[in-house]
Amino acid sequence: SGLRRQAAVTLSQELSKLACRSAGPGTWINQVRRRSSLLSSMLEEKPFSEMEMSYIKQGEEALQKSLSILGDQDGWKTETVVENGDKVLSKVLPDVGKVFRLEVVVDQPLDVVYSELVDNMEQMGDWNPNVEEVKVLQKIGKDTVITHEKAAATPGNIVGPRDFVSVRCSKRRGSTCVLAGMATKHGAMPEQEGFVRAENGPTCMVLHPLPGRPSQTKLTWLLSIDLKGWLPKAIINQVLSQTQVDFANHLRERLAQ
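Anyway, here's the lowdown on the structure attached to this text.

Conventions we followed
The numbers attached to residues start from 1 for each chain and follow its sequence in the written order. Reporting in this predicted model follows two pLDDT cut-offs: at least 70 for local features of residues, and 80 or more for side-chain atom pairs to be given and counted; totals over whole chains, interfaces and linings ignore these cut-offs and use all residues. The side-chain figures draw on all heavy atoms in the structure; neither hydrogens nor water molecules are used. Strand pairing is assigned whenever DSSP identifies at least 2 bridges connecting the two strands. Every helix listed is a DSSP run of H or I at least four residues long, and every strand listed is a run of E at least two residues long, numbered separately from the N terminus. Here, a salt bridge means any Lys or Arg side-chain nitrogen found within 4 Å of an Asp or Glu carboxyl oxygen. Only protein chains enter the accessibility calculation, which uses a 1.4 Å probe; a residue is then buried when its area is under 20% of its type maximum, exposed when over 50%, and partly exposed in between. When the centres of two rings from Phe, Tyr and Trp lie within 6.5 Å, Trp using its six-membered ring, the rings pair. Their planes under 30 degrees apart give stacked, over 60 give edge-to-face, and anything left gives tilted. Note on geometry: a ring has a charge over it if NZ (lysine) or CZ (arginine) is within 6 Å of the ring centre and within 35 degrees of the ring normal. Every residue pair with non-hydrogen atoms within 4.5 Å of one another is taken to be in contact. Working definition of a nonpolar core: buried Ala, Val, Leu, Ile, Met, Phe, Trp, Tyr and Cys residues. They are joined through side-chain atoms within 4.5 Å. Positive: Lys, Arg. Negative: Asp, Glu. His and the chain ends are not part of the count. As used in this structure description, the phrase polar contact means that two N or O atoms lie within 3.5 Å; if the pair is within protein, one of them must be able to donate a hydrogen and the other to accept it, and residues adjacent in sequence are counted only when both atoms belong to side chains. With a 1 Å grid spanning the protein atoms alone, the term cavity applies to any set of points in which a 1.4 Å probe fits but cannot get out, the term pocket to an open set with protein on both sides within 12 Å along at least five of seven lines, and the term lining residue to any residue with an atom within 4 Å of a point. Grid points are joined across faces, edges and corners, and a volume is the space filled by probe spheres set on the points. Here the term charged refers only to Asp, Glu, Lys and Arg, the term nonpolar to Ala, Val, Leu, Ile, Met, Phe, Trp, Tyr, Cys and Pro, and the term polar to all other amino acids, Gly among them. An axis is simply a line fitted to the C-alpha atoms; with a helix, the fit covers only the stretch in contact. Between two such axes, the angle follows the N-to-C directions and lies from 0 to 180 degrees. What sets the label is the angle itself: under 35 degrees gives roughly parallel, over 145 gives roughly antiparallel, 65 to 115 gives roughly perpendicular, and the rest give oblique.

Bringing the pairing of strand β11 (residues 213-223) into the picture now. Note that strand β3 (residues 97-106) and β11 share seven bridges and pair antiparallel. Bridging from a neighbouring strand, valine 105 pairs with lysine 218 of β11. For strand β10 (residues 203-210) and β11, the ladder comprises seven bridges, and the chain directions are antiparallel. Each bridged residue has a counterpart across the sheet, and for histidine 208 the counterpart in β11 is lysine 218. Count of turn residues in the β10/β11 antiparallel hairpin: two residues, of which glycine 212 carries a positive phi of about 80°.

See the structure below:
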């Protein structure tokens, strides 16, 4: 085990050097993709069970796939542009369906935004009206958690109560943070009466400070959801894009407090 640990550390260091040498507009994506691997799991002192490893791998898969989608700049169409500069883009992927991409700037340092979205995720229902509850079902190592989320009903109950069980993977590398997730199953949370079990993923949020302005954070949110049930696509698209715009506004209000 000592040799495996030493080899993992050496390999991680070499990957870091390669990532730093890369150039181009997608450098931050490539850096996170290369450095986000199961190496972090290998270096954990506590061994993981087979089930825990499967969740870790699901989280890694969500992260890699999300970054791959965001890294492809072709085919994005504008859905919404707000006066403050917030915008929502979308594109249709053959194996995923329609995905949405929110791009906003938050007037708060990265550490503050990261803490609210990761460390305080169970408090999201306190400030985001679109979320009824977020509950952590299981924490695995330092990067992976399993969550149960209840979405609040939309105005007029256009979209009825939905809930989600998701595996979430958070990676922080230098000045960039990625919070990725996708739908999973967990024995502690079977389908609930009165809720339609919808599915996330792949989805992620990418955070990094604006160049030269460390007091501001660029947030990019890739959203991919299958709401299930019989819902017209036009309604789904309108609800999801508006949900992203609302999220940015509610997050700003929360952080301003």
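All told, the structure shown has 16 salt bridges when counted by the stated rule. Across the salt bridge formed by lysine 65 and aspartate 95, the nearest N and O atoms sit 3.4 Å from each other. Here aspartate 95 lies in the loop between β2 (87-93) and β3 and lysine 65 lies in helix α4 (residues 50-71), a separation of 30 residues in the sequence. Taking the relative accessible area as the measure of exposure, lysine 65 reaches 32% and is therefore partly exposed. With a closest N to O distance of 3.4 Å, aspartate 143 and lysine 142 form a salt bridge.

In this section: the pairing of β10. Counting buried positions along β10 yields seven of eight residues, so the element is predominantly enclosed. Across five bridges, the pairing between strand β7 (residues 176-183) and β10 is antiparallel. Bridging from a neighbouring strand, cysteine 177 pairs with leucine 207 of β10.

For the rest of this paragraph, the subject is the packing of aromatic side chains. This structure, assessed with the given rule, holds two aromatic pairs. Seen from their ring centres, tryptophan 127 and phenylalanine 247 are 5.9 Å apart, and the 45° between their planes marks the pair as tilted. With tryptophan 127 in helix α6 (residues 124-127) and phenylalanine 247 in helix α7 (residues 233-256), this residue pair connects regions lying 120 residues apart in the sequence. Judged on exposure class, the residue tryptophan 127 and its partner phenylalanine 247 are both buried. Directly above the aromatic system of tryptophan 76 lies the positively charged group of arginine 101, at a separation of 5.2 Å from the ring centroid.

The subject of this paragraph is unusual backbone geometry. Residue glycine 201 is joined to proline 202 through a cis peptide bond whose omega torsion reads -5°. Looking at the secondary structure, you find proline 202 in the loop between β9 (199-200) and β10.

Another aspect to go through is the side chain of histidine 250. Tracing the backbone through its elements, the reader meets histidine 250 in helix α7. Dropping the residues within four chain positions of it, histidine 250 is found in contact with Trp127, Asn128 and Pro129.

The next subject is the nonpolar core. In a soluble, globular protein the nonpolar side chains are often hidden away together inside. Membership of the largest hydrophobic core comes to 36 residues, with the highest contact counts inside it found for Leu102, Val113, Leu117, Leu207, Leu219, Phe247 and Leu251. With eight residues, α7 is the single largest residue contributor to this core. Counting 24 residues, the second-largest nonpolar core is a separate cluster that includes Ile56, Ile69, Leu89 and Val178.

The next point concerns the side chain of arginine 162. Within the fold, arginine 162 resides in strand β6 (residues 162-173). Buried and unpaired, arginine 162 has aspartate 226 as its nearest opposite-charge partner, separated by 7.7 Å. Within the structure, the side chain of arginine 162 is placed 2.8 Å from the backbone oxygen of lysine 228, a separation counted as a polar contact. With residues near it in sequence (within four places) discarded, arginine 162 still touches Glu149, Lys150, Ala151, Phe195, Val196, Ala198, Leu227, Lys228, Gly229 and Leu231.

It is the rolling of a water-molecule-sized probe over the atoms that shows where space remains empty. A volume near 550 Å³ is recorded for the second largest pocket. If you go around the second largest pocket, you meet 25 residues; those closest to its centre are Val96, Gly97, Lys98, Ile225 and Asp226. Of all the elements in the fold, those that place two or more residues in the lining of the second largest pocket are α4, β3, β7, β9, β12 (225-226) and α7. At four residues, the largest contribution of residues to the lining of the second largest pocket is made by α7. In the lining of the second largest pocket, the residues fall into 11 nonpolar, six polar and eight charged.

One way to put it is that helix α5 (residues 110-119) packs onto α7 with a least axis distance of 11 Å and a crossing angle of 110°. As judged from the angle between their axes, α5 and α7 are roughly perpendicular. Residues Val112, Val113, Glu116 and Leu117 of α5 form the contact with α7, whose own contacting residues are Phe247, Leu251, Arg254 and Leu255. When its residues are assigned to classes, the contact of α5 with α7 shows six nonpolar, no polar and two charged.

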